[in-house]
Amino acid sequence: MTPPLATRSMSASPSRSAANLGLLFAMWHRELLRLRREPARWIGIAAQPLLFWLILGSGFAPSFQLSGAPQVTYTGFFFPGTLVMVVLFTAIFATITVIEDRTSGFLQGVLVAPGARGAMVLGKVLGITTTVAIQSALFLALLPLAGLQFGQVVWLALVPGVVLTSVMLASIGMLMAWRLPTSQSYHAIMSVVLLPMWVVSGALFPPGGGTLEVIMMLNPLAHSVNVVRGAMLPELREGLWTELGVLLALAMVALGLATWACQRAGGRPA
Amino acid sequence: MNAATLASADPVLALLNLSHSYGDRRVLDAFSLELRAGEIVGLLGPNGSGKSTIISLLAGLIPSRSGEFRVGGRRVEQAARELRERLGVVFQAASLDVRLSVRENLRLAAAMRGLMGRVGADRVELMLDAVRLVDRGDEVVGKLSGGMRRRIDIARALLHQPELLVLDEPSSGLDERSFRDLWATLLDLRDATGLAILVATHRPDEAEHCGRLIVLAGGRTVAELTPDALRARVDGDLVTLTVSADANDVAQRIASLGDSVQVVGDAVQLRCPPGAGPAVIPRIFQVLPVAPLEVALRRPSLADAFYSLTGEQLG
């Protein structure tokens, strides 16, 4: 039974690991509570890429032919890119809440907790990733509509690919939201940086050589698309595990940067 | 439990010579404070006097570049885990997720303090009981009144049984009844647990609840004293005149009728010895060529005392 209200001795303090684990759990659990409270919002976020896939997929399908893999249809080619878009949109809309939390005052309550900032960042990123996992699972149910087969998917690459993409994008989102003063500025950055990143990731069209191919190679999201596409399409599986390794490294760097940024500034825009 | 009996030799918290600047603007200058168990200390000052800066430094929201933090007599780093564990903070804006229920908010806050599972759930129920909101626990926070949200936020800040509760303008936006409820809750908690409370306020009626006041103006400590001692600085009757004529001229004409006279905006305040006010008022009418628009007689408030001390208005 909990003791009655009384000032406690320091011996009753939670250990450092309990404080970190508690903070991590709270941040993760909050994302799920919000998902449960607002399912329509999150379904809407996932539905937008689905519309993209249906409209663009059917529009480009007649004129699309992939050199070296003529049997790949555009709806099949575009499906993995759309899944990455689901992850991108979810990460964006989930990390923008950091700015809302700062404005509303919720974030201050988090920052005075005794856990480390790294636990806060990791909890938030894992919460977003759990949301992404649920949305991705729903989206993947449409796989046969794209002419793809569940049996041909390399799940051992796809699942970590989606998880690492989510970790990377949620970390980038945290990094930006932590530094930006308003949600309007976040939206501006999203329009100028994140969406173009997706457009030149190879999600919409294959690399055609030249400058664009160099940009794609330098684009972190291109590695996400390569992993997800390689896991789904047997014809484009070359270099899958190398790409997964690159994605792992990128996700860890992004997570590290987000943790570093959140430790530096005190929860206020710098 | 009497608060006086709870006071111990070792301060729960000591801040020594904290200073802070935003760019070239000095907002806090060599601020020091000692706070003991069971004490309620008020930081009294208008907006911009440095109150919120002190709380932000204490909570680790802004980096401290000078000064010392001491917990239980030992020096600690700013925002050290040891300090944060002993501290519960209620900020001006409630640290609650308005989309979640009261219990969901408190369970999250308990987890953030390492209180999970049955222990966390029991603490949540105990605190809901302490702030008299057990029956509202499943309601979404966004649908509750400002007063209730403030009490939930206090419950949140006390879940881990801190030794020190810090409140930044806790009565902001509360109606009179919510204000009374809030302070009844705080005093009950203090009496039951020996909690030390540091409250930043610009409200004289809130400052009345404090055992000790640190009067701040322009980022500096102007005085440290009890509310009675502060009020005693302007002891006597206070006659306030609202005038249509030049206030400085009026002040000059009536100055000899009392102990001191001040111009406060459009009004002139004449301080007289205790009980002398009723006799002074007819004489005011005699010495003024034009009758004042309004005359009021009252005892000086903490706000008057603050003005007398700092030359600044509270609020």
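Residues numbered from 1 in each chain as written. Chains lettered and ligands numbered in written order. Predicted model: local features only at pLDDT ≥ 70, side-chain atom pairs only at ≥ 80, totals over all residues.

Take the interface of chain B and chain A next. Taken together, the contacts link 40 residues of chain B with 34 residues of chain A. Counting only elements with at least two residues in the side of chain B that touches chain A, the list comes to helix H3 (81-86), strand S6 (87-90), helix H4 (102-112), helix H5 (117-130) and helix H7 (176-193) of chain B. Of the residues assigned to the side of chain B that touches chain A, the class counts are 23 nonpolar, 6 polar and 11 charged. (Contact = placed C-beta atoms within 7 Å. Helix = DSSP H or I, 4+ residues; strand = E, 2+ residues; numbered from the N terminus. Nonpolar A, V, L, I, M, F, W, Y, C, P; charged D, E, K, R; others polar.)

In this section: the domain arrangement of chain B. How big an interface is tends to be reported as the loss of accessible area on association of its parts. Here the domain parsing of chain B yields domain 1 (3-230) and domain 2 (236-299). Taking the mean C-alpha position of each, domain 1 of chain B and domain 2 of chain B sit 40 Å from one another. (Domains from an automatic or database assignment.)

Residue and element names in this part refer to chain A. Viewed as axis vectors pointing N to C, helix H3 (residues 74-104) and helix H6 (residues 155-179) meet at an angle of 30°, and their least axial separation amounts to 8 Å. Considering how the two elements wind past one another, H3 and H6 form a crossing that is right-handed. Each of Val84, Val87, Leu88, Ala91, Ile92, Ala94, Thr95, Ile96, Val98 and Ile99 in H3 lies in contact with H6, whose residues at this interface are Val162, Thr165, Ser166, Leu169, Ala170, Gly173, Met174, Ala177 and Trp178. Taken together, the residues of the contact of H3 with H6 sort by class into 15 nonpolar, 4 polar and no charged. (Axes fitted to C-alpha atoms, helices over the stretch in contact; angles between N-to-C directions. Left-handed = near helix turned anticlockwise from the far one by under 90°.)

What follows covers the sheet that holds S6 of chain B. Residues and elements named next belong to chain B. The strand order S6-S7-S8-S3-S9-S10 describes an open sheet built from 6 strands, whose pairing is mixed. Only two strands of the sheet have a single partner each, and these edge strands are S6 and strand S10 (220-225). When strand polarity is set aside, the average angle formed by the axes of neighbouring strands in this sheet is 15°. Contacting S6 and strand S7 (164-168), helix H6 (residues 146-158) runs over the sheet at an angle of about 160° to S6. Docked against the sheet, helix H12 (residues 302-310) engages strand S3 (40-44), strand S9 (212-217) and S10, running at close to 50° with respect to S9. (Pairing = 2+ DSSP bridges.)

Residues and elements named next belong to chain A. A rise of 1.5 Å per residue sets the reference length of helix H2 (residues 39-60), with its 22 residues, at 32 Å; its end C-alpha atoms lie 32 Å apart and thus fit the reference within 8%. Of all the positions in H2, only Trp42, Ala46, Pro49, Trp53 and Gly57 are classed as buried. On its buried face, H2 is in contact with helix H1 (16-37), H3 and helix H5 (117-140). (Expected span 1.5 Å × (residues − 1). Buried ≥ 20, exposed ≤ 12 C-beta atoms within 10 Å, placed from the backbone.)

On to H7 of chain B. Residues and elements named next belong to chain B. Over its 18 residues, H7 runs 26 Å from end to end, which matches the ideal 26 Å to within 8%, given 1.5 Å per residue. Taken together, the buried positions of H7 are occupied by Leu182, Leu186, Leu189, Arg190 and Thr193. Along the axis of H7, the buried residues cluster in a sector spanning 100°; they form a single face. Summarising the geometry of H7, the exposed residues directed more than 90 degrees from the buried face are Glu176, Arg177 and Ala184. (Arc of directions from axis to C-beta.)

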